[in-house]
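The chain contents come next:
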Amino acid sequence: MSNHLQAEHEAFKRRLIDEVLGSDAGDKVPMEKVVMLIWQFRDDPQVVKFMTRFVAKFAGSRDVFDGIEFYLPQLAHMIIHLEAEWDDAILERFSLVVAQQSLHFALQLNWILQGAIEDYQPELPDGNPNPSYNPLYYSRCIKLLTNIERCVVYRRPRSQELQRLYEKGKITKSEMQILEHADRRFNAMQITQLDSPAHEHFGGQLMYKRAVRTACYKAKAWKTRYFAIEERMLNCYNTKDGALKRSMPLEGASIEQIKNSKYPHMFSVSNRSFEFRMRASSLEDMNKWIKMLEDEAFTHRVFGRRDKSLAEMPDEAQRVIEEMTPAQRARYEFFRDERDFIRRLTDIAEDLRFQEPAERKKTAPSMMKALKVPPCVYSPLCNSTDIFRRVHSAIYQDTRVFNTKERCPVIMYFLGVRGEMEYNGTKDANMDIAEYMHLKFDHNTGEKSIAQFNKETK
């Protein structure tokens, strides 16, 4: 870029701040104007990069962060759709910077991406092609989901060190915030640069047959397809380098060998929505596939490892977990437990949907009574600035079920507990979610208190 064009670009950026955001705004950033500007200049990555970096500097402000959370659906839409054809992952890095700062934000973005994956998947649960399938958006959502998980575990490696320097008076609060922000940006840059198209995966040819017929007059024929385990998904391609035909999330999936079948070396992979039936060329090949799929389904990998090393070495997954610091492991377990808890709640509503309306009201309380609540989960239907309330137990007898034609809405009641976190000798019953997360996972007094708190709440 020439000096003249660079000077014009800098002048334009100054006008954006002064004329749109206000020259006397200080630390207050009107997020509605920021989102409007990003959308208006969506074809100019340089303007988008400037705006996101500008907002990220003030993300520690309560008002600014409330605005970021409020406009998260719009930001997520732009992250998925606008950047798909860009050379630089500007908005993705912005989301990763904020996700390092807030576990609550990371969880909210995680659920939006999960929904988008279902929207853009190649095949519907009934086996029909998905008319909304988009291979670019689908693969992008899967990569974004993996990167968010990496951020949760490995975020801000120097945050505690910077906190200690600040408390000792070696650096000012402003310097600490600048260094923390630079650290988050560097971490986000590293994570996005891991997205190499040549990463290793486990794959090979298998015979595939639909679990159900597409029509009563059509036979279910075996077809040779190329299957690959990628990003915790089982992907089916028509050939090794061909088009993606169908895909299934592997987290929590059930893998079983089909015995007493007229076809040898047959096994199935199923979850709540899909079932794949496949045949391997030999017993050895089938056993290898089953082992790889089971490892992928049950190890809950969020370690940033995409190759097959964790599956080939049985103790590797456990070793990776054990090498985490106490704070990293606590974040990993909290993030995993919260996702699993919300998934179990939605599964209850989905199970009730397939029951007769008269039976739903009888069954729902017993299903809620059997619900297992992890030691530290909360209701995510709130903002980071709301009071943190740990879910203690379900008030199962008050569960209410509504009968509709398409879904089965359920009102679930829970007993919440607040004011459990002790800091400086006191317990604050009005501690908000952001402060709770900071003290539990990031504060330099927290590594011992994390283990102690988890022990006390179990």
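Draft legend 1. Expanded view of the overall build of the chain. From N to C terminus, the chain includes 17 helices and 13 strands. In the chain, buried positions account for 45% of the 458 residues. Taking all contacts inside the chain whose residues are at least 6 apart in sequence as the whole, residues at least 24 apart take part in 62%. Of the roughly 24100 Å² of accessible surface on the chain, 50% is carried by carbon and sulfur atoms.

Draft legend 2. The sheet that holds strand 1 (residues 202-209), seen in detail. Pairing is antiparallel in the open sheet, where seven strands are placed in the order 4-3-2-1-7-6-5. Each edge of the open sheet carries a strand with a single partner, namely strand 4 (244-249) and strand 5 (254-257). Neighbour to neighbour, the strand axes of the sheet diverge by 35° on average, direction disregarded. Sheet topology note: the strand 1/strand 2 (residues 223-230) ladder contains seven bridges and is antiparallel.

Draft legend 3. Just the confidence of the model for the chain, in detail. Mean pLDDT over the chain stands at 80; residues scoring 70 or higher make up 80%. Counting contacts from residues 301-314, a segment whose pLDDT is below 50, to residues more than four positions away or on other chains yields 40 contacts. Confidence over residues 444-458 falls short of pLDDT 50; this stretch has 25 contacts with residues more than four positions distant or in other chains.

Draft legend 4. Broad picture of the environment of Arg232. Looking at the secondary structure, you find Arg232 in the loop between strand 2 and strand 3 (233-237). Expressed as a C-alpha distance, the spacing of Arg232 and Glu251, which sit 19 residues apart in the sequence, is 6.6 Å.

Draft legend 5. Quick peek at the packing of helix 5 (residues 72-81) against helix 6 (residues 90-101). Two elements in contact, helix 5 and helix 6, have axes whose closest approach is 8 Å; the angle formed by their N-to-C orientations is 135°. Classed by the angle they form, the pair helix 5 and helix 6 counts as oblique. Between helix 5 and helix 6 lies a crossing of left-handed hand. Each of Leu75, Met78 and Ile79 in helix 5 lies in contact with helix 6, whose residues at this interface are Leu91, Glu92, Phe94 and Ser95.

Draft legend 6. Looking closely at the layout of surface pockets. The volume enclosed by the largest pocket comes to roughly 1900 Å³. Forming the walls of the largest pocket are 48 residues, and the residues nearest its centre are Glu118, Arg272, Arg343, Thr346 and Asp347. Looking at the lining of the largest pocket, the elements with two or more residues in it are helix 7 (103-120), helix 8 (135-154), strand 4 and helix 14 (326-353). Take the lining of the largest pocket: its biggest share by element is eleven residues, from helix 14.

Draft legend 7. Structural detail: the nonpolar core. Grouped together as the largest cluster of nonpolar side chains are 72 residues, with contacts concentrated most on Val55, Ile68 and Met437. Discounting residues that sit within four places of it in the chain, Ile68 has contacts with Met31, Val55, Ala59, Leu75, Phe94, Val98 and Phe105. Counting 23 residues, the second-largest nonpolar core is a separate cluster that includes Leu206, Leu234, Phe267 and Met286.

Draft legend 8. Just the pattern of salt bridges, in detail. Scanning the model with the defined rule gives eleven salt bridges in all. A salt bridge links Arg232 to Glu149, with the nearest nitrogen and oxygen atoms 2.5 Å apart. Of this pair, Arg232 sits in the loop between strand 2 and strand 3 while Glu149 sits in helix 8, and the two are 83 residues apart along the sequence. Each member of the pair, Arg232 as well as Glu149, is classed as buried. Across the salt bridge formed by Glu420 and Arg390, the nearest N and O atoms sit 2.7 Å from each other. You can see Glu420 sitting in the loop between strand 11 (414-417) and strand 12 (422-423) and its partner Arg390 sitting in strand 8 (residues 390-394), a full 30 residues away along the chain. Note on Glu420: relative accessible area 24%, which makes it partly exposed.

Draft legend 9. Representation of empty space enclosed by the protein. Tallied over the full model, the rule gives four cavities of 30 Å³ or more. Reported here for the second largest cavity is a volume of approximately 150 Å³. Lining the second largest cavity are Lys49, Thr52, Arg53, Ala56, Ile90, Arg93, Phe94, Val97, His181, Arg185, Ala188 and Met189. Among the elements of the structure, helix 3 (45-57), helix 6 and helix 10 (173-193) are those that each provide at least two residues to the lining of the second largest cavity. Among the residues forming the lining of the second largest cavity, the class breakdown is six nonpolar, two polar and four charged.

Draft legend 10. Broad picture of the packing of aromatic side chains. In total, this model carries 13 aromatic pairs according to the counting rule given. Residues Phe341 and Phe414 carry aromatic rings whose centres are separated by 6.0 Å and whose planes lie at 65° to one another, so their mutual orientation is edge-to-face. One end of the pair, Phe341, is in helix 14; the other, Phe414, is in strand 11, and 73 residues separate them in sequence. Under the relative-accessibility criterion, Phe414 is labelled partly exposed at 28%. Here the guanidinium or amino end of Arg279 rests over the ring plane of Trp222, the centre of that ring lying 4.9 Å away. The ring of Tyr332 carries the charged tip of Arg336 above its face, separated from the ring centre by 5.4 Å.

Draft legend 11. Structural detail: the packing of helix 5 against helix 7. Between helix 5 and helix 7, the shortest axis-to-axis distance is 11 Å and the interhelical angle comes to 50°. Classed by the angle they form, the pair helix 5 and helix 7 counts as oblique. Relative to helix 7, the crossing made by helix 5 is right-handed. Here Leu72, Pro73, Ala76, Ile80 and His81 of helix 5 lie close against helix 7, whose contacting residues are Phe105, Gln108, Leu109, Ile112, Leu113, Ala116 and Tyr120. Residue classes in the contact of helix 5 with helix 7 are distributed as ten nonpolar, two polar and no charged.

Draft legend 12. Inspection of the side chain of Gln121 at higher detail. In this structure, Gln121 sits in the loop between helix 7 and helix 8. When its relative accessible area of 9% is taken as the criterion, Gln121 is described as buried. Filtering out sequence-adjacent residues up to four positions away, Gln121 remains in contact with Asn130, Tyr133, Tyr138 and Phe274.

Basis of the calculations
Residues numbered from 1 in each chain as written. Predicted model: local features only at pLDDT ≥ 70, side-chain atom pairs only at ≥ 80, totals over all residues. Heavy atoms only, no water. Helix = DSSP H or I, 4+ residues; strand = E, 2+ residues; numbered from the N terminus. Buried < 20%, exposed > 50% of the residue type's maximum accessible area, 1.4 Å probe, protein only. Contact = heavy atoms within 4.5 Å. Areas by Shrake-Rupley, 256 points an atom, 1.4 Å probe, with all protein chains shown as cover. Pairing = 2+ DSSP bridges. Axes fitted to C-alpha atoms, helices over the stretch in contact; angles between N-to-C directions. pLDDT = per-residue confidence, 0-100. Parallel < 35°, antiparallel > 145°, perpendicular 65-115°, else oblique. Left-handed = near helix turned anticlockwise from the far one by under 90°. 1 Å grid on protein atoms, 1.4 Å probe; cavity = no way out; pocket = protein on both sides within 12 Å on 5 of 7 lines; lining within 4 Å. Points joined across faces, edges and corners; volume = space filled by probe spheres on them. Core = buried A, V, L, I, M, F, W, Y, C linked by side-chain atoms within 4.5 Å. Salt bridge = Lys/Arg side-chain N within 4 Å of Asp/Glu carboxyl O. Nonpolar A, V, L, I, M, F, W, Y, C, P; charged D, E, K, R; others polar. Phe/Tyr/Trp six-rings, centres within 6.5 Å; stacked < 30°, edge-to-face > 60°. Lys NZ or Arg CZ within 6 Å of the ring centre and 35° of its normal.

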